[in-house]
Amino acid sequence: MALTQAMISRFGGVNRLSAEWFAALEAAREREPGGRLMLISMLAIVRLMEAASRVAPQPNLAVLSDEELEREVDRCLDRVLE
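Residues numbered from 1 in each chain as written. Predicted model: local features only at pLDDT ≥ 70, side-chain atom pairs only at ≥ 80, totals over all residues. Heavy atoms only, no water.

1. Some details on the overall build of the protein
- Looking only at helices and strands, the protein features four helices and zero strands.
- Taken from N to C terminus, the helices and strands of the protein fall in the order α-α-α-α.
- Against the 2.2 N^0.38 benchmark of 12 Å for 82 residues, the protein shows a C-alpha radius of gyration of 18 Å, more extended than a compact globule.
- Along the first, second and third principal axes, the C-alpha set of the protein runs to 55 × 25 × 20 Å.
- Counting all 82 residues of the protein, 7% fall into the buried class.
- Entry remark: accessible area of the protein is about 7,200 Å², with carbon and sulfur atoms responsible for 61%.
- Computed over 10 positive and 13 negative side-chain charges, the separation of the two mean positions in the protein equals 12 Å. (Helix = DSSP H or I, 4+ residues; strand = E, 2+ residues; numbered from the N terminus. Rg over C-alpha atoms; globule rule 2.2 N^0.38 Å. Buried < 20%, exposed > 50% of the residue type's maximum accessible area, 1.4 Å probe, protein only. Areas by Shrake-Rupley, 256 points an atom, 1.4 Å probe, with all protein chains shown as cover. Lys, Arg positive; Asp, Glu negative; His and termini not counted. Charge placed at Lys NZ, Arg CZ, Asp CG, Glu CD.)

2. Examining the side chain of E72
- By secondary structure assignment, the location of E72 is in helix α4 (residues 66-81).
- Residues contacting E72, with those up to four places away along its chain left out, are Q58, P59, L61 and L64. (Contact = heavy atoms within 4.5 Å.)

3. Some thoughts on a negative patch on the surface
- Together, D66, E70, D74 and D78 give the surface a local cluster of negative charge.
- Along the polypeptide, D78 turns up in helix α4.
- The exposure class assigned to D78 is partly exposed, which follows from its relative accessible area of 49%. (Patch = residues over 30% accessible without salt bridge, like charges linked within 9 Å, V, L, I, M, F, W, Y side chains within 5 Å. Salt bridge = Lys/Arg side-chain N within 4 Å of Asp/Glu carboxyl O.)

4. A word on the environment of N15
- Position of N15 among the secondary structure elements: in helix α2 (residues 14-31).
- When the C-alpha positions of N15 and I40 are compared, they lie 21 Å apart, and in sequence the two are 25 residues distant.

As structure tokens, then:
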């Protein structure tokens, strides 16, 4: 996760990263429609969509009871230690 955040930050945020990615995709499509770079880029988008769909929605921590908050902390620690 830290690597992902660092890369997004180096590109200037999510919006700028996606704009640069889209520009690179468009350039690849113009050079060689259906070419290797275009296919690899599309596969990367599909993998990104798959990864995003596996992420569970985050609870609103402000409304959790102390007990619920403690369970959420434990759940997060379990995920990190897996």
